[in-house]
Amino acid sequence: MEVHEINVKVYILQDITVEEALEALSKLIDKSFYKNKDLKNFHEENKMKNYCFNSLYPLNIKTKIYEKGCIYNFQLRCIGFKLRDHFLKFLANEYTSKLKVLICQSKNIYKKPIDRIYSITPLMVKMPGSEKIIYWRNGYTEDEFFEYIRTTSIKKYEVLTGEGLDKNLKLFNYMKIDNKKPIAVDFKGKRILGDKVTLSVETNSDAQSIAYILLGTGLADMCPRGYGFMNYQYIR
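Residues numbered from 1 in each chain as written. Predicted model: local features only at pLDDT ≥ 70, side-chain atom pairs only at ≥ 80, totals over all residues. Heavy atoms only, no water.

### Quick notes on the side chain of Gln208
Phase 1 of the analysis: For Gln208, the location among the structural elements is in helix H4 (residues 205–217).
Phase 2 of the analysis: When its relative accessible area of 11% is taken as the criterion, Gln208 is described as buried.
Phase 3 of the analysis: For Gln208, the residues in contact, after removing those within four places along its chain, are Lys112, Pro113, Ile114, Val201, Glu202 and Thr203. (Helix = DSSP H or I, 4+ residues; strand = E, 2+ residues; numbered from the N terminus. Buried < 20%, exposed > 50% of the residue type's maximum accessible area, 1.4 Å probe, protein only. Contact = heavy atoms within 4.5 Å.)

Now the structure itself:
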């Protein structure tokens, strides 16, 4: 089971703010599924999607706008050849009113011992007992926040592999919230809040396997909408 990373180069047809970028990219990716008869209902199915993506770059720090007429990149990661082949065939040359894909290029992420994973895009959590995404600081502790991350990471691995793991498995030996204040993004006309984290990974084989899978699925919730995209550092 391999994680594939696809570098996507896009041309901007309309100015896009940094807050709008992830939603604009998710609409572009969703549209590609309609072109594939085998996956046309895929993005509407209530199941784990096994892909995630980051935002456009480079960003003009002064304006925080991705400008019309310019070319930017983003990375999309997925698990398995079926999704990889879909994106290489159907996302290439896809377009919306705001974006047009120019080229998609794929590479494998090799499974080697991982020292840490850290957020590139904010992660979103749907805390137990809530029917929608709410910001965790409104009623939950930091310990509960990180416990949710741990348990949902184990669940993602179990769903993907069909294996059962120890529910008390220790995944991370260091956990840190990187932002000083919540990170705001736009989603379906509303402003939602997220966070970026750094997680040092335990060396046991199960923790390492889960960390590797998270590079393809994303961390926590709403990953097919661009949230929870993680970068990684191998053990040196």
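### Considerations on the pattern of salt bridges
Phase 1 of the analysis: Scanning the entire structure with this criterion turns up eleven salt bridges.
Phase 2 of the analysis: A salt bridge links Arg77 to Glu5; its shortest N-O distance comes to 2.8 Å. Residue Arg77 is located in strand S5 (residues 71–79), and its partner Glu5 is located in strand S1 (residues 3–12); the two are separated by 72 residues in the primary sequence.
Phase 3 of the analysis: Judged by its relative accessible area of 2%, Arg77 is buried.
Phase 4 of the analysis: The salt bridge partner of Arg150 is Glu147, with a shortest N-O separation of 2.8 Å. Here the residue Arg150 and the residue Glu147 both occupy positions in helix H3 (residues 142–161), the gap between them amounting to three residues, near one helical turn.
Phase 5 of the analysis: On the basis of relative accessible area, Glu147 is assigned to the partly exposed category, the value being 36%.
Phase 6 of the analysis: What emerges from the salt-bridge pattern is a single network uniting Glu5, Arg77 and Lys107. (Salt bridge = Lys/Arg side-chain N within 4 Å of Asp/Glu carboxyl O.)

### Structural notes on H3
Phase 1 of the analysis: If you check H3, its first and last C-alpha atoms are 29 Å apart, about what 20 residues at 1.5 Å a residue would give, namely 28 Å.
Phase 2 of the analysis: Among the residues of H3, Phe145, Phe146, Tyr148, Ile149, Arg150, Thr152, Ser153, Ile154, Lys156, Tyr157, Glu158 and Leu160 are the ones counted as buried.
Phase 3 of the analysis: Those residues of H3 that are buried are in contact with S5, strand S8 (172–177), strand S11 (197–201) and H4.
Phase 4 of the analysis: Once H3 finishes, Gly162 follows within two positions and takes phi at roughly 80°, a positive value. (Expected span 1.5 Å × (residues − 1).)

### A short note on the nonpolar core
Phase 1 of the analysis: Counting residues in each nonpolar core, the largest one holds 36 residues, and the members touching the most others are Ile117, Phe145, Val197 and Leu215.
Phase 2 of the analysis: At the level of secondary structure, the elements contributing two or more residues to this core comprise strand S7 (114–119), H3, S8, S11, H4 and strand S12 (230–234).
Phase 3 of the analysis: Not counting the four nearest positions on each side in its chain, Val197 is found in contact with Ile117, Tyr118, Ser119, Leu123, Phe145, Phe146, Lys176, Ile177, Asp178, Leu219 and Met230.
Phase 4 of the analysis: Ranked by size, the runner-up nonpolar core spans 34 residues in total, among them Val8, Phe42, Val101 and Met222. (Core = buried A, V, L, I, M, F, W, Y, C linked by side-chain atoms within 4.5 Å.)

### Let's talk about the environment of Ser97
Phase 1 of the analysis: Considering the arrangement of structural elements, one finds Ser97 in the loop between helix H2 (81–91) and strand S6 (99–109).
Phase 2 of the analysis: Relative accessible area serves as the criterion here: at 52%, Ser97 is assigned to the exposed category.
Phase 3 of the analysis: Taking the C-alpha atoms as reference points, Ser97 and Leu13, 84 residues apart in sequence, are found 6.6 Å from one another.
Phase 4 of the analysis: The contacts of Ser97, once residues within four sequence positions are left out, are Leu13 and Gln14.

### Some details on unusual backbone geometry
Phase 1 of the analysis: Between Tyr57 and the following residue, Pro58, the backbone shows a cis peptide bond with an omega angle of 0°.
Phase 2 of the analysis: As for its placement among the helices and strands, Pro58 is situated in the loop between strand S3 (51–53) and strand S4 (65–66).
Phase 3 of the analysis: Despite not being glycine, Asn50 has its phi angle at roughly 65°, a positive value.
Phase 4 of the analysis: In this structure Asn50 comes out as buried when scored by relative accessible area, which is 17%.
Phase 5 of the analysis: Non-glycine residue Met222 carries a positive phi angle of around 60°.

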